[in-house]
Every structure is written in C-alpha cells, then in structure tokens.
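What follows is the residue order along each chain.
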Amino acid sequence: MSLFRRGGGKADWLVVGLGNPGDRYARTRHNVGFEVAKLLADRLGLPKFKNKFGGLYSEGKRVAVLLPQTYMNESGNSVGPARGALGVDLDHVIAVHDEIDLPFGKVEVRTGGGLAGHNGLKSLKRGLGSGEFTRVRVGVGRPESPDPEIVSRYVLGRFDRDPQELIEMAARELERRVTLG
C-alpha cells in the first residue's frame, strides 16, 4: 500500500484506539488501545488531540488518530463518520484493542476475522459497514473463569504488571504498519 493520499481523502490511515473515556477507566486493560494510539501519535509528532467526530482526534500529513469518547460499545458511532469525512479506505483503518484471547505481552495483527465477543469490535463493524478492517490485538490475558461478569471485571481492572513494554511493542508494530503501508 502506498503512503500517498488515496481517494482524495485527508489522511491515508485512520488509527482507532479503543477504550472508555474518563479517569475511572484510565490504565485499565480495556483501555490499552487508547494508550497505544496515544503513544503512536506522540511518536509521529502529531498535534495535540482535539474534540472531533465524537472522540479525541489528531491528524498529521498521513495518519489520523481517533480515540472515541462514546464508550467502547458505541465506538462505531465515532469511527464511521470519521472514516467517511476523511475518505480513508477500509483497508487503511486500523483498530487497536485489548485481546483476552492472547496472553499478556503478545501482540498480533490481523485483517477481518471474528469479533470474539468484543463489543468495541462489534460496534466498529456496524459503524464501518464491514469487519474487514485491520486490528492490532494487544494481549492482556484471560481470567481463570469464563463467567461474563468476571471477564468484565477483569478487562475493566488495572494491569497486574506494568504494561508499558507491551504498549511500546504494540505502538512499534502500529508505527511500522502506517509508515511502511
């Protein structure tokens, strides 16, 4: 893929960090997507985030970063309009999110595939009209119990270990994707 503008849009890439707004959710497993996307914006020297498209938004010459402030389950309500306004092709939308099906410390990238019960991904699929966007899956591990209430408490809880190395590893992978295309 080319780094040059495609389809007359304002950005070549739209990077979406998934998470929940507010201090209550800061530094939780579910907000790792926010942390990775913020670090990418910093590494790329993007301007300060501003309110736009129902989220916190920053745009450089080639990359736009969006942190939906709609809560995870409604992220598509922010991302769909942003993609439309920017004219970014679906294959240049990258969502960064927590993944309980990967062990803590592992990062995987995939395009399309199942949604694994992830409500943020379900909302993105609705908002984008397709699930064929790229995902940077950031492994946060899984609790012992499959009970939905326990899983919910787990992902909304803070990390047991310092996640900074994991966040940096995911940001490097994301940066590689958007700079090498």
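For clarity, every value in this text was computed on a predicted model and none was experimentally measured. (Residues numbered from 1 in each chain as written. Predicted model: local features only at pLDDT ≥ 70, side-chain atom pairs only at ≥ 80, totals over all residues. Heavy atoms only, no water.)

Take the overall build of the protein next. For the protein, the helix and strand inventory stands at five helices and seven strands. Its helices and strands in sequence order give the protein the pattern β-α-β-β-β-α-β-β-α-β-α-α, from N to C terminus. Its C-alpha radius of gyration of 15 Å places the protein within 12% of the 16 Å reference for a compact globule of 181 residues. With respect to the principal axes defined by its C-alpha atoms, the protein has extents near 50 × 30 × 30 Å. Within the protein, the proportion of its 181 residues that are buried is 50%. Within the protein, residue pairs in contact and separated by at least 24 positions form 71% of the contacts whose partners lie at least 6 positions apart. A total of about 8500 Å² of accessible surface is found on the protein, and carbon and sulfur atoms cover 49% of it. Across the protein, the centroid of the 28 positively charged side chains sits 5 Å from that of the 22 negatively charged ones. (Helix = DSSP H or I, 4+ residues; strand = E, 2+ residues; numbered from the N terminus. Rg over C-alpha atoms; globule rule 2.2 N^0.38 Å. Buried < 20%, exposed > 50% of the residue type's maximum accessible area, 1.4 Å probe, protein only. Contact = heavy atoms within 4.5 Å. Areas by Shrake-Rupley, 256 points an atom, 1.4 Å probe, with all protein chains shown as cover. Lys, Arg positive; Asp, Glu negative; His and termini not counted. Charge placed at Lys NZ, Arg CZ, Asp CG, Glu CD.)

This part is about helix α2 (residues 76-86). Along α2, the residues that are buried comprise G76, S78, V79, G80, A82 and L86. The secondary structure elements touched by the buried residues of α2 are β1 (13-17), β3 (55-59), β4 (63-68) and α3 (119-128). Positioned one or two residues after α2, G87 has a phi angle of 70°, which is positive.

Time to look at the environment of E59. The topology assignment puts E59 in strand β3. Residue E59 is classed as partly exposed on the basis of its relative accessible area, which comes to 26%. At 2.4 Å, the side chain of E59 and the side chain of Y57 are in polar contact. (Polar contact = N/O pair within 3.5 Å; in protein donor to acceptor, adjacent residues only side chain to side chain.)

Here the focus is the pattern of salt bridges. Within the structure shown, the criterion is met by nine salt bridges. Across the salt bridge formed by K106 and E108, the nearest N and O atoms sit 3.5 Å from each other. Residue E108 is classed as partly exposed on the basis of its relative accessible area of 27%. Members of the salt-bridge network, linked through shared partners, are E99, K106, E108 and R137. (Salt bridge = Lys/Arg side-chain N within 4 Å of Asp/Glu carboxyl O.)

A separate point is the nonpolar core. Of all hydrophobic cores here, the largest spans 30 residues; its most connected members are V15, V36, V65, V138 and L174. Counting residues per element, the ones that place at least two in this core are β1, α1 (32-43), β4, β5 (93-99), β7 (134-139), α4 (148-155) and α5 (164-180). In terms of residue count, the dominant contributor to this core is α1 (seven residues). Within the second largest apolar cluster, 20 residues are counted, among which are V16, Y57, L115 and L121. (Core = buried A, V, L, I, M, F, W, Y, C linked by side-chain atoms within 4.5 Å.)

Okay, the packing of α2 against α3 next. Where α2 meets α3, the axes come as close as 8 Å, and the angle between the chain directions of the two elements is 35°. Our pair here, α2 against α3, has a crossing hand that is right-handed. Along the contact surface, α2 presents G76, N77, V79, G80 and R83, while α3 presents S123, L124, G127 and L128. When its residues are assigned to classes, the contact of α2 with α3 shows three nonpolar, five polar and one charged. (Axes fitted to C-alpha atoms, helices over the stretch in contact; angles between N-to-C directions. Left-handed = near helix turned anticlockwise from the far one by under 90°. Nonpolar A, V, L, I, M, F, W, Y, C, P; charged D, E, K, R; others polar.)

What follows deals with the sheet that holds β1. In spatial order, the strands read β2-β3-β4-β1-β5-β7-β6; together these seven strands make up an open sheet with mixed pairing. Looking at which strands have only one partner, the edges of the open sheet turn out to be β2 (50-52) and β6 (107-111). With direction set aside, neighbouring strand axes in the sheet form an average angle of 30°. One ladder, built from six bridges, connects β5 with β7; its direction is parallel. Within β7, the position partnered with I94 by the bridge is T134. In this fold α2 packs onto β1, β3, β4 and β5, with an angle of close to 160° to the strand it touches most, β4. (Pairing = 2+ DSSP bridges.)

Tracing the backbone through its elements, the reader meets H30 in the loop between β1 and α1. Within the local environment of H30, its side chain forms a polar contact with the side chain of D98, the two groups lying 2.9 Å apart. Those residues in contact with H30 that sit more than four places away from it in its chain are L18, G19, N20, M72, D98, H118, V155 and L156.

In short, geometric facts, not functional conclusions.
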